[in-house]
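Below, each chain spelled out in residue letters.
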Amino acid sequence: MNLSYSICKQAQPLISFTGGLNTNSLNFHNRKDKVVVVMGATGTGKSRLSIDLATHFQAEIINSDKIQVYKGLDIVTNKVTEEECRGIPHHLLGIKDPDADYNATNFRHDALLAIESIIEQDKLPIIAGGSNSFIESLVNDDPYFASRYDCCFLWVDLSLPILQRFVSERVDQMVEAGLLEEVRGVFDPEANYTQGIRRAIGVPEFDSFLRAEGKNTDQEILDTLLHLAIDEVKENTWKLACRQLQKIHRLRDFWGWNLHHIDATEVFLKQGEDAHEAWKRLIVGPSVMTVAQFLYRPTSVQNFPKSPSTTVIPRTVPSMAAMATASH
Ligand SMILES: *[C@@H]1O[C@H](CO)[C@@H](O)[C@H](O)[C@H]1NC(C)=O
Ligand SMILES: *[C@@H]1O[C@H](CO)[C@@H](O)[C@H](O)[C@H]1NC(C)=O
């Protein structure tokens, strides 16, 4: 799959060469295209930051949350609302049937297509979402991606006690917003929770409650089951956040990814307008700077003369490594 895909895509700029307006086609042989990746545990504000960045730079967002790729359960899966999107196009968000399988291989394929289509419009792709295994698979395991793209990784982080409190409060807000009605809507006593969107945290936890509800159970028992379910959602969300953080640490420490760490703790300690202002000052400002440096700094390869008569283009060590991987 990867080999034929990469051959197909590499041939494309030559076929679709339009006479020079598309800088991506012109620079195809001597520079990598740029991709921004926004990482972080659930609840840290990845979606918000990616949308803020997309409004500063001409960008579109590619979702990398394995549950948000599915249609439906918008509250349970915490999808951005149309209002929150502020007109920024999102890819791979709510596109799959709720029962479909979707794995890292599917993501790599779809994300590469989305990246290409965004770059063809001379826009910046921003990948944002909590499934670090998807991002790792794209960045580490896809030779085509490695040879073709440069990444800037932003990591939105929070102190653990604040994150734990926040994810817990967020579950209560989801319940108020109608989480239970959504889950009732997909409840099927015959089905299990191993496939598709029904694996989402916030669905299996309500199984006992919904079964009891279907049997005219005593209200007091129902209330207890409901509270137990909500507590379990909080606990499972917190466990997810911890797994996400472990994975991010591993990507940094073991794989040596250069993650730009952004601490949002202070923002989450504030309320209302103060929090809004702190978000802009402490999160958006520095992130915009980091991305601007990444986008506009001259890359090592660009420093060499671009004359068409250059027969041998000297390469830096990283691109040699990328090329070697690409040819496997
Ligand atoms: C993902 O699913 C596809 C089928 O859609 C399959 O061919 C592929 O082997 C799976 N990849 C992994 C890593 O399980
Ligand atoms: C869960 O349900 C799916 C189809 O609905 C089935 O293919 C799968 O074997 C079931 N898994 C278990 C563990 O029962």
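Residues numbered from 1 in each chain as written. Chains lettered and ligands numbered in written order. Predicted model: local features only at pLDDT ≥ 70, side-chain atom pairs only at ≥ 80, totals over all residues. Heavy atoms only, no water.

The name given to the protein chain in an unreviewed UniProt entry is adenylate dimethylallyltransferase (ADP/ATP-dependent), with the source organism recorded as Spinacia oleracea. In its Sequence similarities (unreviewed entry) section, the UniProt entry covering the protein chain states "Belongs to the IPP transferase family." Taken from UniProt, the Function (unreviewed entry) comment for the protein chain reads in full: "Involved in cytokinin biosynthesis. Catalyzes the transfer of an isopentenyl group from dimethylallyl diphosphate (DMAPP) to ATP and ADP." (UniProt positions renumbered as here; feature names shortened; annotations may be inferred.)

## Observations concerning the pairing of strand β4 (residues 124-128)
With five of five residues buried, β4 is to be regarded as a mostly interior element. Where burial is concerned, the two faces of β4 agree: the one with Leu124, Ile126 and Ala128 and the one with Pro125 and Ile127 are both buried. Alignment of strand β1 (residues 33-40) against β4, held across three bridges, turns out to be parallel. In the sheet register, valine 38 faces β4, and the bridge partner there is alanine 128. Relative to β4, strand β2 (residues 59-63) runs parallel, the two sharing five bridges. Looking at the pairing, isoleucine 61 lines up with isoleucine 126 of β4. (Buried < 20%, exposed > 50% of the residue type's maximum accessible area, 1.4 Å probe, protein only. Helix = DSSP H or I, 4+ residues; strand = E, 2+ residues; numbered from the N terminus. Pairing = 2+ DSSP bridges.)

## Some words on the pattern of salt bridges
Scanning all chains against the criterion turns up 16 salt bridges. For arginine 86, the salt bridge goes to aspartate 52, with nearest N and O atoms at 2.9 Å. In this pair, arginine 86 sits in the loop between α4 (82-85) and β3 (90-91) while aspartate 52 sits in helix α3 (residues 46-56), placing the two residues 34 residues apart along the sequence. Residue arginine 86 is classed as partly exposed on the basis of its relative accessible area, which comes to 44%. Using a relative accessible area of 10% as the deciding quantity, one classes aspartate 52 as buried. One salt bridge in this structure joins arginine 281 and glutamate 277, with 3.0 Å as the shortest N-O distance. Separated by four residues within a single helix, arginine 281 and glutamate 277 lie in helix α13 (residues 272-296), roughly one turn from each other. (Salt bridge = Lys/Arg side-chain N within 4 Å of Asp/Glu carboxyl O.)

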